[in-house]
Amino acid sequence: MQTIIKLYQSFKAIGLPPKAIPVVLFIYCFGTLFESAGIGMLLPIFEMINSSSDQAVTNYSSLSKIIMDTIEKTGVSINLQSLLAISFSLFLLRQIFSYARLVYLPKTKGNFIKRIRDKGFSRYLRTDTGYQDSTYLGRIINDLTTEVDRTGNALIKYMVVGGQVLNASIYIIILIFMSAKITLSALLIIGISVLILRKLFKKVRATSFLISSANQSLSTFLAEKIKSTRLIRLCSNENLETDKIKNQTEVQKNNIINMQIFLARTSVIIEPIFVLSIFVLLFTSKKFFGLSTGETGLFIIIVLRIIPIIKELVESTQGVIALEGSINAVKARLEAMNQATEKRDGKKIFHGIKKSIEFKNVSFTYDKNKRTLRKINVKILPKQVTAIVGPTGSGKSTFVDMLPRLREPDEGRILFDNNLLSSLDITTLRKKVAYAPQNPQIINTTFLEYIAYGNKDKSISSIKRVAKLSGAHEFISKKPEGYRTFVGEDGGKLSGGQKQKVDLARVLLKDASILIFDEPTSHLDLKSRESFLKTLRKLKKKISKTIIIIAHDIQKLAFVDKIIVVKNGQIEKIGSHKSLIQSNNWYSETLRQSK
């Protein structure tokens, strides 16, 4: 009972509709009531066939008399034809509920799986950057596909268990009414068999967690290696990686085989027990309990009907236990993502920067033993171009990640026009911030749709205009379908430079007041680099955008208004190009070395 309640709570937490189980139980209940009534009608039918006259009811069993008296009260005359008609009608009504069950269960499963996947994907998009950085992509994909599907199967089996428990209970009540002693004898045999199966259930539960763990490991392995096929081939490590996946699939295969062995043992053990219970009933019903031949026949018919019910009940119970690892994996994933939801507590609508962006004693830590940024104090003015420079790993990307609240500072405050960044509505904030990462994340859609991603109201002419500014128009226009050409998964049909140009076009199209470029020229050729820098100079002259650039190529930064030098997580120096080259700092030293 504790396991049943625990599983119900898990399904409910994952997304089980409140009405699903009551509806299933209602369908099972009425289906069984009509079926059992139809079977019960067989007793007076058999006794009437064996009787010399339809009206000779004195020799009928007490149960037959009760059934016929009940029918007579409805105004129906008692004869063989009417009894057969009533019995057949009851079986037809049972079929209606059987059809409802066969339709409702898979429909419930489909809706349940859809609800979980929709919820899971939505929650993942709203998790903080720290969670996304630390969670293996393969595990996320596995949990939202394989484990969710297995959880849907578990739900169906769980509802079948509830329905079959109800079915068995109804038939057992009928059997007790016919003969309590025989029924208790049969239940004793079945109870002993269930106790025998408990050890198998424990093994099935343990194996279910092993299967779920193996699925997660395999999905993580595949997601990582498929992305790294170029490296694997260049290092001639095909055989090594093939051996690794063989080990993974061997573990998975063994767990699946063990599970099937345990399930097979259940089926093999339970059927002989059921046959034994029937033989016991045949032997004892007339000799010890004095049932008539008709009553014994009806009793055995009901028992024969209960046997597949109990067998399905046991197998479905074992099936739920076999999938418990998947249920827990999905539940744990949804809970973890819910706990990692990024903070969206700001209410103030953000319209853009008018005065300044100010960092006051801001610190950030990835590793508890080492801070990435320490006591950052700096002011960025609007409608200026600000460059952030420094050696690799100095904290430049972390610095700009905090502006659209992709990361939250551990200490200190970030102010936008004297308003705490955390007080701003995150949706309106991000609409006003356009960010181009060093390695663009290109989704598989058309050039037109990608450049307009997040800006669906933009016209084709405006899309082409920014594509010309970024240098993407030249190669897009040569494609057979032009801007309606698909870019391929992760921009697989594009070179590194082409990806960056397309992504720059997306940033330039966005109606943002703050533009952030992370190494915007790293993948561009000399001509494209000069073209992009020319575009930045045009934007600077219009003074309508606040532009922040993370740069390693510091030789072309003379035109920017301010340069922030970050070294070892701290600000080493702030100033213009002219002022910085006249003092001793990382920027001036790097410039001298490059010459």
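Residues numbered from 1 in each chain as written. Predicted model: local features only at pLDDT ≥ 70, side-chain atom pairs only at ≥ 80, totals over all residues. Heavy atoms only, no water.

Further remarks concern the overall build of the protein chain. For the protein chain, the helix and strand inventory stands at 21 helices and 10 strands. Radius of gyration (C-alpha) of the protein chain: 36 Å, far over the 25 Å computed for a compact globule of 595 residues. Once the C-alpha set of the protein chain is aligned to its principal axes, its extents read approximately 120 × 50 × 50 Å. Residue burial in the protein chain is summarised as follows: out of 595 residues, 47% are buried. Of the roughly 30900 Å² that the protein chain leaves accessible, carbon and sulfur atoms contribute 57%. The protein chain carries 88 positive and 48 negative side-chain charges, and their two centres are separated by 5 Å. (Helix = DSSP H or I, 4+ residues; strand = E, 2+ residues; numbered from the N terminus. Rg over C-alpha atoms; globule rule 2.2 N^0.38 Å. Buried < 20%, exposed > 50% of the residue type's maximum accessible area, 1.4 Å probe, protein only. Areas by Shrake-Rupley, 256 points an atom, 1.4 Å probe, with all protein chains shown as cover. Lys, Arg positive; Asp, Glu negative; His and termini not counted. Charge placed at Lys NZ, Arg CZ, Asp CG, Glu CD.)

Glancing now at the pairing of strand β3 (residues 385-389). For β3, the tally of buried residues reaches 5 of 5 residues, placing the bulk of the element in the interior. Residue alternation in β3 divides its side chains into two sets, V385, A387 and V389 and T386 and I388, and both sets are buried. The pairing of β3 with strand β8 (residues 546-551) spans 5 bridges and is parallel. Each bridged residue has a counterpart across the sheet, and for A387 the counterpart in β8 is I549. Two strands pair when backbone bridges link them, and β3 and strand β9 (residues 562-567) are joined in this way by 4 bridges, in the parallel orientation. Paired with A387 across the strands is I563, a residue of β9. (Pairing = 2+ DSSP bridges.)

Before going further, it helps to examine the sheet that holds β3. Here we have 6 strands laid out as an open sheet, ordered β6-β7-β8-β3-β9-β10, and mixed in their pairing. Two strands close off the open sheet at either side, each with one partner strand: β6 (433-436) and β10 (570-575). Averaged over all adjacent pairs, the angle separating strand axes in this sheet is 15°, with direction ignored. Seen against the sheet, helix α21 (residues 586-594) touches β3, β9 and β10 and runs at an angle of roughly 95° to β9. (Axes fitted to C-alpha atoms, helices over the stretch in contact; angles between N-to-C directions. Contact = heavy atoms within 4.5 Å.)

Turning next to helix α16 (residues 460-470). Of the residues making up α16, those classed as buried are S462, I463, V466, A467 and S470. Summarising the axial view, the buried residues of α16 lie within an arc of 140°, below the 170-degree limit, and thus occupy one face. The outward face of α16, more than 90 degrees from its buried face, is lined by the exposed residues S461 and K468. Against α15 (447-451), α17 (473-476) and α18 (496-509) lie the buried residues of α16. At the C-terminal side of α16, G471 shows a positive phi close to 90°. (Arc of directions from axis to C-beta.)

Glancing now at empty space enclosed by the protein. Applying the stated rule across the entire model yields 2 cavities of 30 Å³ or more. Of the volumes computed, that of the second largest cavity is approximately 100 Å³. Considering the residues around the second largest cavity, the lining is formed by E519, P520, T521, L533, L536, I549, I550, A551, H552, D553, K556 and L557. For the lining of the second largest cavity, the elements supplying multiple residues, two or more each, are α19 (526-542) and β8. Top element by residues in the lining of the second largest cavity is β8. It accounts for 3 residues. (1 Å grid on protein atoms, 1.4 Å probe; cavity = no way out; pocket = protein on both sides within 12 Å on 5 of 7 lines; lining within 4 Å. Points joined across faces, edges and corners; volume = space filled by probe spheres on them.)

Now for the packing of α16 against α18. Orientation of α16 relative to α18, taken along the N-to-C sense of each, is 125°, at an axis distance of 8 Å. Considering their axes alone, α16 and α18 lie oblique with respect to each other. When the axes of α16 and α18 are compared, the crossing they make is right-handed. Of α18, the residues touching α16 (which contributes S462, I463, V466, A467, L469 and S470) are K501, L504, A505, L508 and L509. Looking at the contact of α16 with α18 residue by residue, the classes come out as 8 nonpolar, 2 polar and 1 charged. (Parallel < 35°, antiparallel > 145°, perpendicular 65-115°, else oblique. Left-handed = near helix turned anticlockwise from the far one by under 90°. Nonpolar A, V, L, I, M, F, W, Y, C, P; charged D, E, K, R; others polar.)

A separate point is the confidence of the model for the protein chain. Overall, the predicted model of the protein chain reaches an average pLDDT of 83, with 91% of residues at or above 70. Looking at the elements of the protein chain, mean pLDDT is at its lowest for α19, recorded as 70, and at its highest for strand β4 (residues 411-416), recorded as 93. (pLDDT = per-residue confidence, 0-100.)

Once that is clear, we can look at unusual backbone geometry. Of note in this structure, D417 is not a glycine but carries a positive phi near 55°. If you trace the backbone, D417 turns up in the loop between β4 and β5 (419-420). Phi angles above zero are rare outside glycine, and N568 is one such case at about 55°. Counting through the fold element by element, N568 comes out in the loop between β9 and β10.

Strand order in the open sheet made by the 4 strands is β2-β1-β4-β5, with antiparallel pairing throughout. With partners counted over all chains shown, the strands left at the sheet margins are β2 (370-380) and β5, one partner each.

Of all the 5 residues making up strand β7 (residues 514-518), 5 are buried; the element is thus mostly covered by neighbouring parts of the structure. Of the two faces of β7, the one holding I514, I516 and D518 and the one holding L515 and F517 are both buried throughout. Relative to β7, β6 runs parallel, the two sharing 4 bridges. Residue pairing across strands places A434 opposite L515, the latter belonging to β7. Where β7 meets β8, 5 bridges bridge the pair, whose relative direction is parallel. Note on β8: the bridge partner recorded for D518 is I550.

Our focus in this paragraph is the side chain of R150. Within the secondary structure, R150 sits in helix α7 (residues 137-178). What makes R150 buried here is its relative accessible area of 17%. Sequence-distant contacts of R150, that is, excluding residues within four places in its chain, are made with S208, I211, N215, A322, L323 and S326.

What follows is about the packing of helix α5 (residues 80-125) against helix α12 (residues 324-339). Running from amino to carboxyl end, α5 crosses α12 at an angle of 35°, the nearest separation of the two axes being 9 Å. In the crossing of α5 with α12, the sense of the turn from one axis to the other is left-handed. Together, I116, K119, G120, R123 and Y124 of α5 and V330, L334, E335, M337 and N338 of α12 make up the contact between the two elements. Of the residues assigned to the contact of α5 with α12, the class counts are 5 nonpolar, 2 polar and 3 charged.

Turning to a positive patch on the surface, a few remarks are in order. The grouping of R198, K199, K202, K203 and R265 at the surface amounts to a positive patch. Of the residues forming the positive patch, the biggest block, 4 residues, is contributed by helix α8 (residues 180-227). With respect to the helices, strands and loops of the structure, R265 is situated in helix α10 (residues 238-287). (Patch = residues over 30% accessible without salt bridge, like charges linked within 9 Å, V, L, I, M, F, W, Y side chains within 5 Å. Salt bridge = Lys/Arg side-chain N within 4 Å of Asp/Glu carboxyl O.)

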